[in-house]
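Here's the letter readout for the chains.
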Amino acid sequence: MEKAPLPGDERDTGEAQQRAVVDVAGVDGTEAVVARDGWDSKLEYVLAQVGFSVGLGNVWRFPYLCHQNGGGAFLLLYILLMLVVGVPLFFLELAAGQSIRQGSIGVWKCISPKLAGIGYSSCLVCFFVALYYNVIIGWSLFYLGNSFQNPLPWQNCPEGANGTVVKECAASSPTAYFWFRKALDITDSINEIGQFNSIMTGCLLAAWAIVCLGMFKGIKSSGKVMYFSSVFPYVVLLCFLIRGLLLDGAVDGLKYLLYPELSIWKDVQVWRQAATQVFFALGLGFGSVIAYSSYNPRHNNCHRDAIMVASVNFMTSVLASLVVFSVLGFRAKKITLSCVTQNLELLKFETGQHINITEPDAYNEWLQVAGPSLPINLTNCTMEREMNKGVEGTGLAFIAFTEAMTLFPGSPFWSALFFLMLLNLGLSTMFGTMEGILTPLYDNFASLAKRKTAFTVFSCTLGFLIGLLFTQRCGNYFVMMFDDYSATLPLIIVVVFETISVAWVYGADRFLDDIEKMLLWRPPRIYKYLWKYVCLFAMVGLLSASLVRMVLQRPTYKAYSQDLASEETLEYPDWALAVLSILIVCATLPVPVCFLYHTLREHFGQPAGGGGTSHSVVNGHYRPCSTTDPDATPVDARLMSEAGTPLTLAEDSQGLLFESEGVAESTGL
């Protein structure tokens, strides 16, 4: 994406651009062009993008939202927002990264140095997310290691010193007790800080070690890992789907998932939740999408990639929902049958009356007629009650779904499969998140680019040390805080500025012109209006709704009470509110700081630096993208050299051609 300089920008490469180039002397004394890393195949790139966008949220967030917000009606709303907001913004990031061949910092700096803060904000948010996301990978490692036991350690309540069942476990459930007491050893509130969980600290260290090994050669190493980490979850989901559909109660579970309630479309909060899920499902604003696409060949069809990745992401969410609710339907049916049996045994014990009923529907009909005349109170036993106890996140993965798997024949096998799937889902997303941090820094700081391995190890070590915050006994509450607040608002703000930068500052028409040169065909004109109006309005609306919700309702979190053996909702203390406020401010601060910094430099007559030309330029030539995957785009007149011969692949894989400065339109930034 090349353009004439915006007012106040300089056409020279600037200090940062010079740092982005590795000096290599040619045989004739001139500076040789250094190739930028590239994907070894198109499949490797697609798997990386799919692996990043398809994460844990597809498995433990989307099914919950779909069930709680109208089932099939929520699916229709999600598809609508995916088409008019998700895909256009995803395409925007893919096209920007592929055309400029830079990470998130370089992309926005190329449009104008004043916009470089957008990239720095993306890096900070990626870092915040990486800190707690790897903790979840550590939890998955812990459960995976404990899955190779028969019976599973969370299948039954442990016995105390006097031979009786531990009271806390009896009051909750074996899976809940194992999660809160054995795995997390959790405190009663976020205020009880300072005590570390040694087991989880070791798991976090192992998680960062795996990430470091996968990232130490950049996309050349992480791309190879994607062949397994991106594909394996689909194998597991299909196995679980086949197994789940054969379980008693699976069909009932799917009915609760998909039954449409169109009335939910009137609820603004449902729109907010659907838009937020679309936003995070595609990984918008993280910079990882831009980083991955920056390693593509010049004429890669990123429009097709945007539609394909978004479609795979949606289908994965639907597949995961079918798996989750078929298994939860089975679990609910088991619990309901157990409820019927216990009530009838209680009736027999108290009155000597024997009722031969096994089905919940028949039991509830009998209770409705005979209940008023019974000497004791019996409860209704319905699947609706169990299914309406909607669970998401860790509650779904480490409690509800884990409990359901203990009822499977060969439960250790299914448990190991499930947590290995979670591990791979987490790792593929983690690789993309780290790429969103490292690629922009390597592109803008040559000293780091020369020491990629050392800086990768340093980044992972720093992530582990800061991540010790989450391995305290109260660490789960900090994970929830970071998950709810450190990324949501900052990322929405980042995407709002991205959309403004491309659609209004740079110009949607100019951006489409650049894409036409890159793809050799012009995308539909509707993208111009989607970027300028629909997407921008949707993101501003989502930002406003999130801010209003935060201001009007004091942030809360779910805390586990050891005395009650259950979760309760507590308000964050003042110091925690200060922490989450600092997280939000720190993540968004680079945007205004960079804008003011470069505005002041311009005001005092100093070169803005970094504007107008991509950092990939060396002596007027673009650094080629190093790739072994041939460009399948047919050669046409626009690919002919001045001599009339077709350009070679090496020439064809350069960045965008320079535009004439005189015809490029001017903007006010």
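Quick caveat: nothing in here was measured; it's all calculated off a predicted structure.

Draft legend 1. Structural view of empty space enclosed by the protein. Per the stated rule, a full pass over the model turns up six cavities of 30 Å³ or more. Looking at the largest cavity, the residues that line it are V59, W60, L237, F240, A320, V323, V324, L396, A397, F401, F418 and M421. Taken together, the residues of the lining of the largest cavity break down into twelve nonpolar, no polar and no charged. Its volume calculated, the second largest cavity comes out at about 50 Å³. For the second largest cavity, the full set of lining residues is W139, L184, N197, M200, F470, T471, Q472, R473, G475 and N476. Grouping the constituent residues of the lining of the second largest cavity by class yields four nonpolar, five polar and one charged.

Draft legend 2. Seen up close, the packing of helix α13 (residues 250-258) against helix α16 (residues 302-351). Running from N to C, α13 and α16 cross one another at 125 degrees; their axes reach a closest spacing of 7 Å. Between α13 and α16, the angle falls in the class oblique. Every pair of crossing elements has a handedness; the one defined by α13 and α16 is right-handed. Mapping the contact onto sequence places A250, D252, G253, L254, L257 and L258 in α13 and S321, L322, F325, S326, G329, F330 and K333 in α16.

Draft legend 3. The arrangement of the nonpolar core in detail. If you look at the biggest cluster of nonpolar residues, it comprises 187 residues, and the most contacted ones within it are F240 and M434. Element by element, the count of residues in this core is highest for helix α7 (residues 116-146), at 18 residues.

Draft legend 4. Main features of the packing of aromatic side chains. Summed over the entire model, instances satisfying the criterion amount to 50 aromatic pairs. Each ring, one from Y143 and one from F398, has its centre 5.0 Å from the other, and the planes form 45 degrees; the classification is tilted. With a gap of 255 residues between them, Y143 in helix α7 and F398 in helix α19 (residues 393-405) connect regions that are remote in the sequence. The exposure class of Y143 is buried, given its relative accessible area of 0%. On the numbers, 5.4 Å between centres and 75 degrees between planes, the contact of F413 with W414 is edge-to-face. Residue classification places F413 among the exposed residues on the basis of a relative accessible area of 52%. In this structure W414 comes out as buried when scored by relative accessible area, which is 12%. In this arrangement the basic side chain of R243 is found over the ring face of F408, its NZ or CZ atom lying 5.5 Å from the centre. Over the face of the ring belonging to W504 we find K532, whose NZ or CZ atom lies 4.3 Å from the ring centre.

Basis of the calculations
Residues numbered from 1 in each chain as written. Predicted model: local features only at pLDDT ≥ 70, side-chain atom pairs only at ≥ 80, totals over all residues. Heavy atoms only, no water. 1 Å grid on protein atoms, 1.4 Å probe; cavity = no way out; pocket = protein on both sides within 12 Å on 5 of 7 lines; lining within 4 Å. Points joined across faces, edges and corners; volume = space filled by probe spheres on them. Nonpolar A, V, L, I, M, F, W, Y, C, P; charged D, E, K, R; others polar. Axes fitted to C-alpha atoms, helices over the stretch in contact; angles between N-to-C directions. Helix = DSSP H or I, 4+ residues; strand = E, 2+ residues; numbered from the N terminus. Parallel < 35°, antiparallel > 145°, perpendicular 65-115°, else oblique. Left-handed = near helix turned anticlockwise from the far one by under 90°. Contact = heavy atoms within 4.5 Å. Core = buried A, V, L, I, M, F, W, Y, C linked by side-chain atoms within 4.5 Å. Buried < 20%, exposed > 50% of the residue type's maximum accessible area, 1.4 Å probe, protein only. Phe/Tyr/Trp six-rings, centres within 6.5 Å; stacked < 30°, edge-to-face > 60°. Lys NZ or Arg CZ within 6 Å of the ring centre and 35° of its normal.

Remember that the coordinates give geometry; whether it matters functionally is a separate question.
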